[in-house]
Amino acid sequence: MKLSIIVPAYNAEKLIDRTIQSLINQTITGGYEIIIVNDGSKDSTQTRIQEWHNKFPHLIRVINKENGGVSSARNSGIEISKGEWIFFCDADDYITDYSIGKLIEIAEIERPDVGLINFSMIYENLLDNKMELSYSLLKLYKDGRDCFRNGLFWCTWLFLFRREIIQTQKLFFRNVVSSEDSLFNIEYLLSMPTSMPVLKYDTKIYHYYNNPDSVSRNIDSSKSIVFLAKFFPVFGFYTDVINKFKLTGADYERMKWVMAKNVPNYFVRMLHSNMCYNDVKIEREKLIGVGAIPFKDVKTSQLKKYDRVVGFLLLHPLFLIDITFLRIYNRNCCISSHPKGVFLCLK
């Protein structure tokens, strides 16, 4: 079997039909399978998935499990996958009809260890206004490490993965609430032999839907402390990658940049939490202790102004006063998600 498409699904009843239909509308020489992992959904997701399985039992495999998060769902899919290649698709996104088969055909000829996926991002607001932006990955990336050095590692659906590498390198998704994609992708890219080429195909395949109903758009202050506790290990995992692959020079700087890009998200959650000021100070000291701040190993020019401002506030002598001022506006703050980062907005 050539390809396994793994779809983690949680409360995806609104869009899962479109996703599955797009995955069925493919023709792949050598065969493929669609593994849908129902991660303890509380809506009709399981029923819809089962209906599709009943129609296409030879193509669709279903896993029903207790809720464990997207990492757990993807890992469950990897464990039973049979394809030479693995592709991850989110339950609210879709792919272009009859597109991924051509990518597999080219892969059979060029024999790379990873394939790059051109994509579009669809933004929709509450007024049903839509905007679609297309992105091409035709830049000449030499190998996996070159992708890493150029910051191409944020989303799993950017890549076509070779299952053999995932198995031999014992790669898996970390059970964290943020950055599970980048952690997996970075380890995969750094595990690739430097001599292996990167496959590129000039066709838009993946369509990412920026779901306005996503729970990541809404912050519950009562849950922020729990979120921070599950988020913080991410910084340690990045440090583990530095040590595992003995990163130096530009590779080390890139990984420190990745850590720095996660700090603003952490900072926003601190603002929205019900932490007392002493606990906020402890969180700041933890970030310093793990090397997430200050951004001394990252070139200032590589960080956006917002990132630099957050780094400045966290290390400012009047840090608690800064926090007090920002919390005054806390009720008017929102999280804005964008492919280039997470932003704090004042309404």
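Keep in mind that what you see is a predicted model, and the values were worked out from it rather than measured.

1. Looking at the overall build of the chain
Reasoning step 1: Of the regular secondary structure elements, the chain holds 13 helices and 13 strands.
Reasoning step 2: Buried residues in the chain amount to 52% of all 347 residues.
Reasoning step 3: Pairs at least 24 residues apart make up 79% of the contacts formed inside the chain by residues separated by at least 6 positions.
Reasoning step 4: Per element, the accessible surface of the chain, about 16200 Å² overall, is 53% carbon and sulfur.

2. Concerning the environment of Gly311
Reasoning step 1: Mapping Gly311 onto the fold places it in helix H12 (residues 305-315).
Reasoning step 2: In the structure, Gly311 is positioned 16 residues away from Phe295 in sequence and 7.1 Å away in space, judged by C-alpha atoms.

3. With respect to the pairing of strand S3 (residues 60-65)
Reasoning step 1: Here strand S2 (residues 32-39) pairs with S3 via 6 bridges, running parallel. In the strand pairing of S3, Ile35 is matched with Arg61.
Reasoning step 2: Handedness of the β-α-β unit built from S2, helix H2 (residues 45-55) and S3 comes out right-handed.

4. With respect to the packing of aromatic side chains
Reasoning step 1: Throughout the structure, instances matching the rule amount to 19 aromatic pairs.
Reasoning step 2: Judged by centre distance (6.1 Å) and plane angle (85°), the rings of Phe88 and Phe184 are edge-to-face. With a gap of 96 residues between them, Phe88 in strand S4 (residues 85-88) and Phe184 in helix H7 (residues 180-191) connect regions that are remote in the sequence.
Reasoning step 3: Phe88 sits in the buried class, given a relative accessible area of 1%.
Reasoning step 4: A ring pair is formed by Phe153 and Trp154, whose centres lie 4.9 Å apart and whose planes are at 55°; its orientation type is tilted.
Reasoning step 5: Taking the relative accessible area as the measure of exposure, Phe153 reaches 0% and is therefore buried.
Reasoning step 6: Among the aromatic side chains, those forming a connected cluster through ring pairs are Phe88, Phe159, Phe161, Phe173, Phe184 and Tyr188.
Reasoning step 7: Lying over the aromatic face of Trp52, Lys55 brings its terminal NZ or CZ to 5.2 Å of the ring centre.
Reasoning step 8: Directly above the ring of Phe237 sits Arg174, whose terminal nitrogen or CZ lies 4.6 Å from the centroid.

5. Quick word on the packing of helix H10 (residues 249-272) against H12
Reasoning step 1: Where H10 contacts H12, the two axes come as close as 9 Å, and the packing angle between them is 60°. Accordingly, the angle class assigned to the pair H10 and H12 is oblique. Crossing geometry of H10 relative to H12 is assigned as left-handed. Only Tyr306, Asp307, Val310, Leu313 and Leu314 of H12 make contact with H10, whose side of the interface consists of Lys261, Val263, Pro264, Phe267, Val268 and Met270.
Reasoning step 2: Among the residues making up the contact of H10 with H12, the classes are represented as 9 nonpolar, no polar and 2 charged.

6. So, the nonpolar core
Reasoning step 1: Of all hydrophobic cores here, the largest spans 94 residues; its most connected members are Leu3, Ile34, Phe87, Ile186, Phe235 and Met255.
Reasoning step 2: When neighbours within four sequence positions are excluded, Ile34 is seen to be in contact with Ile5, Val7, Leu23, Ile24, Leu59, Ile60 and Arg61.

7. Comments concerning the side chain of Arg74
Reasoning step 1: Its location among the elements puts Arg74 in helix H3 (residues 70-80).
Reasoning step 2: When its relative accessible area of 2% is taken as the criterion, Arg74 is described as buried.
Reasoning step 3: Here Asp90 takes part through its side chain, which lies 3.3 Å from a polar atom of the side chain of Arg74.

8. Observations regarding H12
Residues spaced three or four apart along an α-helix face the same direction, because each turn holds 3.6 residues.
Reasoning step 1: All of the buried residues in H12 are Asp307, Val310, Gly311, Leu313 and Leu314. Projected onto a plane normal to the axis of H12, the buried residues spread over an arc of 165° and lie on a single side. In H12, the exposed residues that point more than 90 degrees away from the buried face are Lys305 and Phe312.

9. Some words on the confidence of the model for the chain
Reasoning step 1: The predicted model of the chain averages 81 in pLDDT, with 78% of residues at 70 or higher.
Reasoning step 2: Across residues 331-347, where pLDDT falls below 50, the model places 38 contacts with residues more than four positions away in sequence or in other chains.

10. Notes on the pattern of salt bridges
Reasoning step 1: Summed over all chains, the structure comprises 16 salt bridges.
Reasoning step 2: In this structure, the salt-bridge partner of Arg74 is Asp90, at a minimum N-O distance of 3.3 Å. Separated by 16 residues along the polypeptide, Arg74 in helix H3 and Asp90 in the loop between S4 and strand S5 (94-95) bring together distant segments of the chain.
Reasoning step 3: Here Glu187 ties to Lys244 by a salt bridge, and the two come within 2.9 Å at their closest N and O atoms. Of this pair, Glu187 sits in helix H7 while Lys244 sits in helix H9 (residues 233-244), and the two are 57 residues apart along the sequence.
Reasoning step 4: Within this structure, Lys2, Glu84, Glu108 and Arg162 form a network of salt bridges that share partners.

11. Here we look at the pairing of strand S11 (residues 204-210)
Remark: a regular strand shows side chains that alternate across the two faces of the sheet.
Reasoning step 1: Counting buried residues along S11, 6 of its 7 residues qualify, which places the element largely inside the surrounding structure.
Reasoning step 2: As judged from the 2 bridges shared by S5 and S11, these two strands associate in the antiparallel manner. The partner of Ile95 across the bridge, within S11, is Tyr206.

12. Section: unusual backbone geometry
Reasoning step 1: The peptide bond linking Ile293 to Pro294 adopts the cis configuration, its omega dihedral lying at -5°.
Reasoning step 2: Look at Ser179: it is not a glycine, yet its phi comes out positive at around 70°.
Reasoning step 3: Overall, the relative accessible area of 14% leaves Ser179 in the buried class.

So, how was this worked out
- Residue numbers run consecutively from 1 along every chain, following the written order of its sequence.
- In keeping with the model being predicted, local features are shown solely for residues with a pLDDT of at least 70 and side-chain atom pairs are shown and tallied solely at 80 or more, while totals for entire chains, interfaces and linings include all residues.
- No hydrogens and no water enter the side-chain calculation; it runs on all heavy atoms of the structure.
- Helix and strand labels come from DSSP, where a helix needs a run of H or I of at least four residues and a strand needs a run of E of at least two; each type is numbered from the N terminus.
- Accessible area is worked out with a 1.4 Å probe on protein chains only. A residue is then buried under 20% of its type maximum, exposed over 50%, and partly exposed in between.
- Here a residue-residue contact requires only that any non-hydrogen atoms of the pair lie within 4.5 Å.
- Only the protein chains shown count as covering a residue, and every accessible area follows the Shrake-Rupley method with a 1.4 Å probe.
- Each pair of strands is called paired provided DSSP finds at least two bridges between the two strands.
- Orient the strands so they point away from the viewer, and a crossover whose first-strand-to-second-strand path over the helix runs clockwise is right-handed.
- Each aromatic pair joins two rings of Phe, Tyr and Trp (for Trp, the six-membered one) with centres within 6.5 Å, and gets the label stacked for planes under 30 degrees apart, edge-to-face for over 60, and tilted for any other angle.
- Note on geometry: a ring has a charge over it if NZ (lysine) or CZ (arginine) is within 6 Å of the ring centre and within 35 degrees of the ring normal.
- Here an angle of 0 to 180 degrees is reported between the N-to-C directions of two axes, which are lines fitted to C-alpha atoms, with helices fitted over the stretch in contact.
- Just so you know how the angles are binned, under 35 degrees is roughly parallel, over 145 roughly antiparallel, 65 to 115 roughly perpendicular, and the rest oblique.
- Crossings are sorted by hand: turned counterclockwise from the far helix by less than a right angle, the near helix makes the crossing left-handed, and turned clockwise it makes it right-handed.
- Classification used: nonpolar for Ala, Val, Leu, Ile, Met, Phe, Trp, Tyr, Cys and Pro, charged for Asp, Glu, Lys and Arg, polar for all others including Gly.
- Here, nonpolar core means buried Ala, Val, Leu, Ile, Met, Phe, Trp, Tyr and Cys residues that are tied together by side-chain atoms lying within 4.5 Å of each other.
- A 3.5 Å cut-off defines polar contacts: any pair of N or O atoms within that distance qualifies, except that in protein one atom must be a possible hydrogen donor and the other a possible acceptor, and neighbouring residues in sequence count only when both atoms are side-chain atoms.
- This arc describes the spread of directions from the helix axis toward the C-beta atoms.
- How sure the predictor is of each residue is captured by pLDDT, a score from 0 to 100.
- One side-chain nitrogen of Lys or Arg within 4 Å of one carboxyl oxygen of Asp or Glu is enough to make a salt bridge.

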